[in-house]
Amino acid sequence: MTENLKQETVLVTSATGKTGRRVAERLAARGVNVRAGSRKGEVLFDWEDESTWGPALRGADAAYVAYFPDLAAPGAPEAMRSFGRQAAGHGVRRLVLLSGRGEPEAVVAEGALRESGLDMTVVRASFFAQNFSEGVMSEGPLTGEIPFPAGETAEPFIDADDLADVVVAALTEDGHIGLVHELTGPRLLTFAEVAAEIGRATGRDVRYVPVSGEAYAEMLQQYGLPAPDAEWLAGLFGMLLDGHNASLTNGVRQVLGRVPKDFADFARRTADSGAWNA
């Protein structure tokens, strides 16, 4: 950690999300002055309301940028370009951006944020293990069925705790500016294998149910997601899980000097926490 970081202020966007919450907690544990931005928190920050960005950025030295709903979403490049301008205008010096692995549209948004000219690090992540414990997909381990449009494609699931550790390192240590850290877990698993791991951890029968993208979009609409958003998200999952991401990287080891957490460990921790108790 740099000597003066504890006197600096770091804005964490989407601070109640899977990664933002973890990043904020870790920064605070290091004694960093954290400004946790969210739509309902003490520091108001809403990606859909640009008027909230400036007040949240004012006085910040660095920022963790976790765009919602996804950096590959329509409008993300424009949002990143505007956010970067505001960040530079308020004297922010360092940005760490969460991006998606294997998402061409997200790379465009990364470039838009780089136009700010600020010191920047990109963290590209694979599918989160915590998608099965936080959010809509957490119902699968409870009902015993995990429906998803992944077919038999394998994915190197990343633990959000590992990602948060990498983000904090990029925010607080030297040597990360200008780099792209691509993060995966330590092994490839199909969704059927994920269901089996969760079943072993919970002691219940959990199975993967492959569905079409169209069927998954309909399911998302039943959860209240507007039809255009549901169709876009289902299409994104179809693209991400077409096999082009079915490989491993050593990004976690390069940054943290250790191997990433395995999905089986995540499943055991989550089961032991009671999060999957019916």
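Residues numbered from 1 in each chain as written. Predicted model: local features only at pLDDT ≥ 70, side-chain atom pairs only at ≥ 80, totals over all residues. Heavy atoms only, no water.

**Q** Give me the overall build of the chain: which residues, what numbers.
**A** The secondary structure content of the chain amounts to eleven helices and eleven strands. By the compact-globule yardstick of 19 Å for 278 residues, the chain fits well, its C-alpha radius of gyration being 19 Å. Along the longest, intermediate and shortest principal axes, the C-alpha atoms of the chain span 50 × 40 × 35 Å. Within the chain, the proportion of its 278 residues that are buried is 52%. (Helix = DSSP H or I, 4+ residues; strand = E, 2+ residues; numbered from the N terminus. Rg over C-alpha atoms; globule rule 2.2 N^0.38 Å. Buried < 20%, exposed > 50% of the residue type's maximum accessible area, 1.4 Å probe, protein only.)

**Q** Talk me through the nonpolar core; I want residue IDs and the actual numbers.
**A** Core analysis: the biggest nonpolar cluster contains 29 residues, and W47, V65, M80, F83, L95, L97 and L113 have the highest contact counts within it. If you list the elements that add at least two residues to this core, you get α2 (53-57), β4 (62-65), α3 (76-89), β5 (94-100), α4 (104-114), β6 (119-125) and α9 (227-240). The greatest single-element share of this core, amounting to five residues, is contributed by α3. Apart from residues lying up to four places away in sequence, L113 is in contact with V65, M80, F83, G84, L95, L97 and M120. (Core = buried A, V, L, I, M, F, W, Y, C linked by side-chain atoms within 4.5 Å. Contact = heavy atoms within 4.5 Å.)

**Q** Explain the sheet that holds strand β9 (residues 180-183) to me, and be specific about the residues and the numbers.
**A** Strand pairing in a sheet relies on backbone hydrogen bonds. The paired strands run either parallel or antiparallel. Spatially, seven strands are ordered β3-β2-β1-β4-β5-β6-β9 in an open sheet, and the strand pairing comes out parallel. Both edges of this open sheet fall to β3 (43-44) and β9, since each of them pairs with a single strand only. Where strand β1 (residues 9-12) lies against β4, three bridges are found, and the strand directions are parallel. Within β4, the residue paired with V10 across the bridge is A62. On the sheet, helix α6 (residues 160-172) packs against β1, β4, β5, β6 and β9 and is oriented at approximately 155° with respect to β5. (Pairing = 2+ DSSP bridges. Axes fitted to C-alpha atoms, helices over the stretch in contact; angles between N-to-C directions.)

**Q** Residue-level account of the pairing of strand β7 (residues 145-148), with values.
**A** A one-sided burial pattern is seen for β7, the buried positions being I146 and F148 and the unburied ones E145 and P147. Where β7 meets strand β11 (residues 207-210), four bridges bridge the pair, whose relative direction is parallel. The residue bridging I146 from the neighbouring strand is Y208, located in β11.

**Q** Could you give an account of the environment of G151, with specific residues and numbers?
**A** With respect to the element layout, G151 can be found in the loop between β7 and β8 (154-155). The class for G151 is partly exposed, based on a relative accessible area of 35%. For the pair formed by G151 and D242, sequence separation is 91 residues and the distance between their alpha carbons is 8.8 Å.

**Q** Describe a negative patch on the surface, naming the residues involved and giving the relevant values.
**A** Together, E48, D49, E50 and D229 give the surface a local cluster of negative charge. Considering the arrangement of structural elements, one finds E48 in the loop between β3 and α2. Its relative accessible area of 69% is what places E48 among the exposed residues. (Patch = residues over 30% accessible without salt bridge, like charges linked within 9 Å, V, L, I, M, F, W, Y side chains within 5 Å. Areas by Shrake-Rupley, 256 points an atom, 1.4 Å probe, with all protein chains shown as cover. Salt bridge = Lys/Arg side-chain N within 4 Å of Asp/Glu carboxyl O. Lys, Arg positive; Asp, Glu negative; His and termini not counted. Charge placed at Lys NZ, Arg CZ, Asp CG, Glu CD.)

**Q** Could you give me a rundown of the pairing of β1, with the residues and numbers involved?
**A** Taking every second residue as pointing to the same face, both faces of β1 are buried, with T9 and L11 on one and V10 and V12 on the other. Handedness of the crossover joining β1 and strand β2 (residues 33-38) through helix α1 (residues 18-29): right-handed. (Right-handed = clockwise from strand over helix to strand, strands pointing away.)

**Q** Hey, could you go over unusual backbone geometry for me, with residue numbers and the actual values?
**A** Excluding glycine, residues mostly carry a negative phi; peptide bonds, for their part, are mostly trans. Each neighbour pair has its own omega, and for F68 with P69 the value is 15°, a cis peptide bond. Following the sequence through the fold, P69 ends up in the loop between β4 and α3. Positioned with a positive phi, S14 is a non-glycine residue whose angle comes to about 50°.

**Q** Lay out the pattern of salt bridges with the relevant residues and their values.
**A** Scanning all chains against the criterion turns up 22 salt bridges. Put simply, R93 and E8 hold a salt bridge, and the shortest N to O gap is 2.5 Å. In this pair, R93 sits in the loop between α3 and β5 while E8 sits in the segment before β1, placing the two residues 85 residues apart along the sequence. Judged by its relative accessible area of 41%, R93 falls in the partly exposed class. Of the charged contacts, one joins D262 and R187 as a salt bridge, the two residues approaching to 2.6 Å between their closest N and O atoms. Here the residue D262 occupies a position in the loop between α10 (251-256) and α11 (263-273), and R187 occupies one in the loop between β9 and β10 (189-190), the gap between them amounting to 75 residues. Judged by relative accessible area, which is 16%, D262 ranks as buried.

**Q** Tell me about the packing of aromatic side chains, residues and numbers included.
**A** Applying the stated criterion to the full structure yields 24 aromatic pairs. Here the aromatic cluster, defined as three or more aromatic residues joined through ring pairs, consists of F127, F132, F148, F157, F191, Y208, Y216, F237, F263, F266 and W276. Lying over the aromatic face of F68, R39 brings its terminal NZ or CZ to 5.8 Å of the ring centre. (Phe/Tyr/Trp six-rings, centres within 6.5 Å; stacked < 30°, edge-to-face > 60°. Lys NZ or Arg CZ within 6 Å of the ring centre and 35° of its normal.)

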